[in-house]
Amino acid sequence: MSNLRSANYPRMSKLRASTSSVHDQLDKKIMAQSPFESKANYGLFLRYQYYLMNYVTVLYSNPQIAQIIPDLQDRDRCEQLIQDFQDLGMTQPQPLTTLSPLDASLFESLGWLYVIEGSKLGAALLAKETEKLGLHSEFGARFLAGSNRGSNWRQFMQGIEDAPLNESQEHAMLEGAQAAFKFANELVELSYGQSENAHVA
Ligand code: HEM
């Protein structure tokens, strides 16, 4: 972890330090599904990502969060995912009805957003993998693309640092990040546990 980062972004460093092990667990779980081995596997990875992004899309239209995080609505990737399904001739999955709606306070929501916005950092790496399947930012891997990824992430980090949070609100944000990673981990089983051709046209 860069000292510059921990000096300039103390809250982001706390978020990262408190979630790095559950992130690695999630990363390993997803990569164990060999998401880039075939288009069929990639379709299941897209389905997982769609369930995740669809579950949190409510955060991107929250006016209170929009006061803290710049360009909030533009950061939502659901539209790109829907286009990726169309590119691949796959039916857009129906949202999972077994999930109770996301219920998080404003401060917990900032922790959830850290997890979803942070996942765009790894997306750069994953986008490279999709090239082996002939996919790219304008066909089938739009949701992994990231124009201005670096500046968008810095603006996100600055928004979190500048937010007027007291100690218990900051703690709620850290708890939100933990809850989001726990959800993202459990969703792997839920999503991959379904029949493979649940959404293939
Ligand atoms: C599919 C497997 C995944 C891989 C290979 C992966 C890989 C990475 C990489 C390389 C980074 C950048 C680390 C750095 O800048 O030093 C990163 C950051 C991050 N990833 Fe993942 N990731 C994966 C899945 C996910 C998922 C599914 C989520 C959330 C649901 C996630 C959340 C995050 C977060 C929050 C960060 C930012 C950490 C920080 O710098 O504060 N990742 N990931």
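Refer to the structure printed above.
Definitions and limits used
Residues numbered from 1 in each chain as written. Predicted model: local features only at pLDDT ≥ 70, side-chain atom pairs only at ≥ 80, totals over all residues. Heavy atoms only, no water. Salt bridge = Lys/Arg side-chain N within 4 Å of Asp/Glu carboxyl O. Helix = DSSP H or I, 4+ residues; strand = E, 2+ residues; numbered from the N terminus. Buried < 20%, exposed > 50% of the residue type's maximum accessible area, 1.4 Å probe, protein only. Phe/Tyr/Trp six-rings, centres within 6.5 Å; stacked < 30°, edge-to-face > 60°. 1 Å grid on protein atoms, 1.4 Å probe; cavity = no way out; pocket = protein on both sides within 12 Å on 5 of 7 lines; lining within 4 Å. Points joined across faces, edges and corners; volume = space filled by probe spheres on them. Nonpolar A, V, L, I, M, F, W, Y, C, P; charged D, E, K, R; others polar.

*Asks:* I tried to follow the pattern of salt bridges on my own but got confused; where do I start?
*Replies:* As enumerated under the stated definition, the model contains ten salt bridges in all. Across the pair Lys14 and Glu170 runs a salt bridge, and its minimum N-O distance is 2.5 Å. Taken together, the residues Lys14 in helix H2 (residues 10-31) and Glu170 in helix H8 (residues 167-192) connect sequence positions 156 residues apart. Overall, Lys14 belongs to the partly exposed group, its relative accessible area being 42%. Of the residues examined, Glu170 reaches a relative accessible area of 14% and is grouped as buried. Glu131 serves as the salt-bridge partner of Lys128, at 4.0 Å between the closest nitrogen and oxygen. The exposure class of Lys128 is exposed, given its relative accessible area of 55%. Several salt bridges share partner residues, and in doing so they unite Arg11, Lys14 and Glu170 into one network.

*Asks:* Please clarify how the packing of aromatic side chains should be interpreted in this entry.
*Replies:* For the structure shown, the criterion picks out ten aromatic pairs. Here Phe36 and Phe45 contribute two aromatic rings whose centre-to-centre distance is 5.5 Å and whose plane-to-plane angle is 65°, an arrangement assigned as edge-to-face. Phe45 matches Phe36 in its accessibility class, with the two residues each being buried. Look at Trp153 and Phe156: their rings are 5.4 Å apart centre to centre, the planes differ by 10°, and that puts the pair in the stacked class. Of the two residues, Trp153 and Phe156 both sit in helix H7 (residues 149-162), three residues apart, roughly one turn of that helix. Residue Trp153 is classed as buried on the basis of its relative accessible area, which comes to 11%. Looking at Phe156, the relative accessible area reads 0%, which means it is buried. One aromatic cluster in this structure is built from Phe36, Tyr42, Phe45 and Phe143.

*Asks:* What am I meant to see in the layout of surface pockets here?
*Replies:* Space left empty within the atom packing is revealed by a probe, the size of a water molecule, rolled over the atoms. Its volume calculated, the largest pocket comes out at about 790 Å³. At the level of elements, H2, helix H3 (39-56), helix H6 (106-130) and H8 are the ones that each hand at least two residues to the lining of the largest pocket. Of the residues forming the lining of the largest pocket, the biggest block, eleven residues, is contributed by H6. Grouping the constituent residues of the lining of the largest pocket by class yields 19 nonpolar, seven polar and six charged. Approximately 370 Å³ is the volume found for the second largest pocket.

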